[in-house]
Amino acid sequence: MFDLLLQGFAAVLSPQILVLMIAGVAVGIVFGAVPGLTAVMAIALCLPMTYGLGPAAGISLLIALFVGATSGGLISAILLKIPGTPSSIATTFDGGPMMEKGEGAKALGVGIVFSFIGTIASIAALAFIAPSLAQVALSFGPHEYFAIAVFSLTLIATLSSGSMAKGIFAGVLGFAVSTVGIAPVDATTRFTLGQVELNAGFSILTVLVGMFAVAEIIKVAETARSVAPGEGVAPIVTIKGFGFSMAEFLGQIPNAIRSSLIGIGIGILPGIGAGTSNIIAYIAAKKRSKTPEEFGKGTIEGVVASETANNAGIGSAMIPLLTLGIPGDAVTAIMLGGLMIHGIQPGPMLFLTQAPLVYTIFAALIVSACLMLVLEFWGLRIFIRLLAIPKHILLPVILVLCAVGAFGLASRVFDIWTILAFGVLGFAFVKAGIPTAPFIIGFILGPMAETSFRRGLQLSRGDVTGFLTNPISGVFLALAVLSIAWQLYGEYRVSRLPASANPLKLGGEE
């Protein structure tokens, strides 16, 4: 095994492949950091470049883009409170407040280091326990996926900022918005109002860009006239190392381990991905924290949980791809195409027939993670300098980039109008004190819950008890009921406290 890994390192550390990987990680970071651009776009644009390369070089370039784009989302999430990618949604909850407190450098440093740790943890899972984990994931059917979606939806209350009713309203609205378009299973057109553009529903990217980026721009524009000259400029602080102490690093190790396991576990399951795992890890960190009231106000615990979990999805997403030939999301689907272009057929026999190439992929993941750490550390001083640009200058540029990214999804002006519409909705949420995170969870998990429920009913011939008698789905549904009961009990207990003794403000509110 180690001989094969050494051969893999020898291949990816050759000058040609190393230069390609440095360029790939750098481009990936840019695509991850710019709202509206994604890892899918980066890999799709660069895929034709791999045609003339060998298998090792081509796959290494695609992996470098994947790693860079996944981590790059933290930059805009922290500096601008705008998630660059769906996997960095929860990073905005505490990264943004830390930046506003003058701790932007620390938030970036924490995010970079724990992104690296999450990536390495997932690579270890990929290398040592990939076949076993893949077989477990393969045993999950519609009943299990529906139960997981329901359990995840019950966690909305944890992100409900002081009012469970507002959180539930946001989650239900997000679920409702996800139903627009052609229905799964029977292909019935729903809520399209006769608009052909709505047949495909709303893209997660347009919803994210609108609810976070455009809403933030409108929010800043509202107060632009009342801001004194220089008031909109954040202070530049001197950065030592990654901006945090060794004691802070060691204190977050349990959080990082827990978040890595969540990211790996969710990343293996096809169709869920880092867009969900970072939020689930954030919720878990908040439940286990000794100071949950600090979440949403700027604590490194929230940044650690989100960034560790979303990067732990990198290696785990490759597990079903390499061992079973099943892509779990759009990124790994393109990666599957890249592998097949070079005559590589993923599946159970891949580890036997092309073991050297498999370990070259492992080596490429490790080297890409190290390059990501080095490049983002080197760029840390540059990123923090963005804070010197007044927001009334920076945010219009971001708005243009958001529009370009939205148009690039399907070359439709309709998508530009969509991000503006969701921007207005996101601003209305801010003014009404409604948390955005439950809306995003409902939108992401809604299609999975609906599709799995309908397919499960088909498998059990319309018998809903199939969801309860299946052992795995039954356990998750029981956990969902317990979660709701616990949340209601917690709400009741808090309501009995005097106002002065109830300081909690839960994460996810602006």
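What counts as what
Residues numbered from 1 in each chain as written. Predicted model: local features only at pLDDT ≥ 70, side-chain atom pairs only at ≥ 80, totals over all residues. Heavy atoms only, no water. Helix = DSSP H or I, 4+ residues; strand = E, 2+ residues; numbered from the N terminus. Contact = heavy atoms within 4.5 Å. Phe/Tyr/Trp six-rings, centres within 6.5 Å; stacked < 30°, edge-to-face > 60°. Buried < 20%, exposed > 50% of the residue type's maximum accessible area, 1.4 Å probe, protein only. Expected span 1.5 Å × (residues − 1). Axes fitted to C-alpha atoms, helices over the stretch in contact; angles between N-to-C directions. Parallel < 35°, antiparallel > 145°, perpendicular 65-115°, else oblique. Nonpolar A, V, L, I, M, F, W, Y, C, P; charged D, E, K, R; others polar. Left-handed = near helix turned anticlockwise from the far one by under 90°. Salt bridge = Lys/Arg side-chain N within 4 Å of Asp/Glu carboxyl O. pLDDT = per-residue confidence, 0-100.

The name given to the chain in an unreviewed UniProt entry is Tripartite tricarboxylate transporter permease, and the organism recorded there is Paracoccus spongiarum.

Draft legend 1. How the structure looks around the environment of I314. With respect to the helices and strands, the residue I314 is situated in helix α13 (residues 300-324). In this structure, the C-alpha to C-alpha distance between I314 and V331, residues 17 residues apart in sequence, is 10.0 Å. Leaving out residues up to four positions away in the same chain, I314 has contacts with F66, V67, T70, T119, S122 and L365.

Draft legend 2. Here's a closer look at the packing of aromatic side chains. In this structure the tally under the stated criterion is 12 aromatic pairs. Their ring planes at 25 degrees and their centres at 6.4 Å tell us that F244 and F249 sit as a pair that is stacked. Pairing Y359 with F362 gives two aromatic rings, centres 5.1 Å apart and planes at 80 degrees, and the pair type is edge-to-face. With Y359 and F362 both in helix α16 (residues 355-385), this residue pair falls three residues apart, about one helical turn. As far as burial versus exposure is concerned, Y359 and F362 are alike and both buried. Following the ring pairs from residue to residue traces out a cluster consisting of F202, F422, F429 and F439.

Draft legend 3. Structural context of helix α2 (residues 15-33). Between its terminal C-alpha atoms α2 stretches 27 Å, which fits the 27 Å expected from 19 residues at 1.5 Å a residue. If you check which residues of α2 are buried, you get I17, L20, M21, G24, V25, G28, I29, F31, G32 and A33.

Draft legend 4. How the structure looks around helix α4 (residues 55-79). Its 25 residues place the ends of α4 37 Å apart at the C-alpha level, agreeing with the 36 Å of an ideal helix rising 1.5 Å per residue. Taken from the residues just after α4, K81 is the one with a positive phi, measuring 60 degrees.

Draft legend 5. The packing of helix α9 (residues 204-222) against helix α19 (residues 437-459), seen in detail. Orientation of α9 relative to α19, taken along the N-to-C sense of each, is 175 degrees, at an axis distance of 11 Å. If you check the angle between α9 and α19, you find them roughly antiparallel. Side by side, α9 and α19 meet where I204, V207, L208, M211 and F212 of the first sit next to F439, I440, F443 and I444 of the second. The residue inventory of the contact of α9 with α19, partitioned by class, reads nine nonpolar, no polar and no charged.

Draft legend 6. Highlighting the environment of I344. Summarising the element assignment, I344 is placed in the loop between α14 (330-341) and α15 (350-353). For the pair I344 and P55, spaced 289 residues apart in sequence, the C-alpha to C-alpha distance is 8.3 Å. Ignoring sequence-local partners within four residues, the contact set of I344 consists of P55, L339, L350, Q354 and L357.

Draft legend 7. Main features of the packing of α4 against α13. Contact pair α4 / α13: the axes reach a minimum separation of 10 Å and the direction vectors enclose 165 degrees. In terms of orientation, α4 and α13 fall into the roughly antiparallel class. In this structure, α4 meets α13 at a crossing whose hand is right-handed. Counted together, F66, V67, T70, S71 and L74 of α4 and E307, N310, N311 and I314 of α13 form the full contact between these two elements. In terms of residue class, the contact of α4 with α13 is made up of four nonpolar, four polar and one charged.

Draft legend 8. Looking closely at the pattern of salt bridges. For the structure shown, the criterion picks out six salt bridges. A salt bridge links E450 to R454; the nearest nitrogen and oxygen atoms lie 3.8 Å apart. Pair noted here: E450 and R454 are both in helix α19, with a separation of four residues, about one helical turn. Of the residues examined, E450 reaches a relative accessible area of 15% and is grouped as buried. Linked through salt bridges whose partners overlap, the residues forming this network are D186, R190, E450 and R454.

Draft legend 9. Broad picture of the confidence of the model for the chain. Mean pLDDT for the chain: 82, with 88% of residues reaching 70 or above. Averaged pLDDT values over the elements of the chain bottom out at 76 in α15 and peak at 92 in helix α18 (residues 413-432). Predicted confidence for residues 232-236 stays below pLDDT 50, and this span has 11 contacts to residues more than four positions away or in other chains. Low pLDDT (under 50) marks residues 503-510, which in the prediction has 30 contacts with non-local residues, meaning those over four places away or in another chain.

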